[in-house]
Amino acid sequence: MKPDDAAKGDAAISETLIESTQAFRGNFLDVRRDRVRLPDGKETGREYIVHPGAVMIVPILDKGQLLMERQFRHPMGRVMLEFPAGKLDPNESPLACAKRELLEETGYSAKEWAHAGVLHNAIAYSTEGIEIFFARGLTQGERKLDEGEFLDVVTHTTTELDALAANGELTDAKTLIGLLWLTRWQDGEWELAWKK
């Protein structure tokens, strides 16, 4: 499909906002309830979460192992295996957030960084975009966990993570996307532009 054709096609399937109200505002979540006009002229409701944005880091140790976290996630009711991640603070750049989160959660800092792209993990009900970063040349320091934050730092190889994903033990969407990007980069299929 050509760009002009895609734009015309988008117009034929897009919704028009009529009214937006805040249904709930908590410490973290901002839930909206909107009224929209559908392409056929009918009206309906849409509910979604406005999210400040986040980052995820794929930290690569010198011997190729990956720095991971095991953290209890209340909505799931269990400990999940994940790459380090966290939400953006107001007026914080994604790279500054990635550096801060890596240090706070793992105690590591990195000499080189590469921005891979953005992941929209819940497009049906959230505006959240997770900026994916890769980090290497890691140096261990001291963790600075947020108050009330408890997690274990572990290491895994790509092969181990592939096996965990294949048998259904690794299910976190952002971590699976990070693993996909990592393996494509390792296979020379996707590029990463590293910067110091």
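Please read these numbers as outputs of a predicted model, since none were measured by experiment.

How should I be thinking about the packing of aromatic side chains in this particular structure?
Pairs of aromatic rings are described using the distance from one ring centre to the other and the angle between the two planes. For the structure shown, the criterion picks out four aromatic pairs. Between Trp113 and Phe133, the ring centres sit 6.3 Å apart and the planes meet at 80°, which makes this aromatic pair edge-to-face. A residue pair is termed long-range when its members are at least 10 positions apart, and Trp113 in strand 8 (residues 108–119) and Phe133 in strand 9 (residues 130–140) qualify at 20 residues. Each member of the pair, Trp113 together with Phe133, is buried. Considering the side-chain rings of Phe134 and Trp185, the 6.3 Å spacing of their centres and the 55° angle between planes classify their relative orientation as tilted. Within this pair, whereas Phe134 is found in strand 9, its partner Trp185 is found in helix 4 (residues 173–186), the two being separated by 51 residues in sequence.

Honestly, the pattern of salt bridges in this entry has me stumped. Any pointers?
Two side chains bearing opposite charge may form a pair once their charged atoms approach each other closely. In this structure the tally under the stated criterion is 16 salt bridges. Of the charged contacts, one joins Asp152 and Arg70 as a salt bridge, the two residues approaching to 3.6 Å between their closest N and O atoms. In this pair, Asp152 sits in strand 10 (residues 151–156) while Arg70 sits in strand 5 (residues 66–73), placing the two residues 82 residues apart along the sequence. According to the relative accessible area criterion, Asp152 is partly exposed, its value standing at 43%. Classification of Arg70 as partly exposed rests on a relative accessible area of 37%. With a closest N to O distance of 3.6 Å, Arg100 and Asp89 form a salt bridge. A residue pair is termed long-range when its members are at least 10 positions apart, and Arg100 in helix 2 (residues 94–106) and Asp89 in the loop between strand 7 (85–87) and helix 2 qualify at eleven residues. By relative accessible area, which is 34% here, Asp89 ends up partly exposed. Residues joined by salt bridges that share partners form a network here, namely Asp89, Glu92, Arg100, Glu101 and Glu104.

Before we go on, may I ask you to explain the nonpolar core in this structure?
Side chains that are nonpolar tend, in soluble globular proteins, to be buried together. Of all hydrophobic cores here, the largest spans 23 residues; its most connected members are Leu66, Phe134 and Leu161. Secondary-structure elements contributing two or more residues to this core are strand 4 (54–60), strand 5, strand 8, strand 9, helix 3 (158–166) and helix 4. In terms of residue count, the dominant contributor to this core is strand 4 (four residues). Excluding its chain neighbours within four sequence positions, the residues that come into contact with Leu161 are Leu66, Met68, Leu81, Phe83, His156, Leu170 and Leu179. Counting 13 residues, the second-largest nonpolar core is a separate cluster that includes Leu61, Tyr108, Trp113 and Leu138.

Reading the values: rules and limits
Residues numbered from 1 in each chain as written. Predicted model: local features only at pLDDT ≥ 70, side-chain atom pairs only at ≥ 80, totals over all residues. Heavy atoms only, no water. Phe/Tyr/Trp six-rings, centres within 6.5 Å; stacked < 30°, edge-to-face > 60°. Helix = DSSP H or I, 4+ residues; strand = E, 2+ residues; numbered from the N terminus. Buried < 20%, exposed > 50% of the residue type's maximum accessible area, 1.4 Å probe, protein only. Salt bridge = Lys/Arg side-chain N within 4 Å of Asp/Glu carboxyl O. Core = buried A, V, L, I, M, F, W, Y, C linked by side-chain atoms within 4.5 Å. Contact = heavy atoms within 4.5 Å.

Structural measurements only, silent on function.
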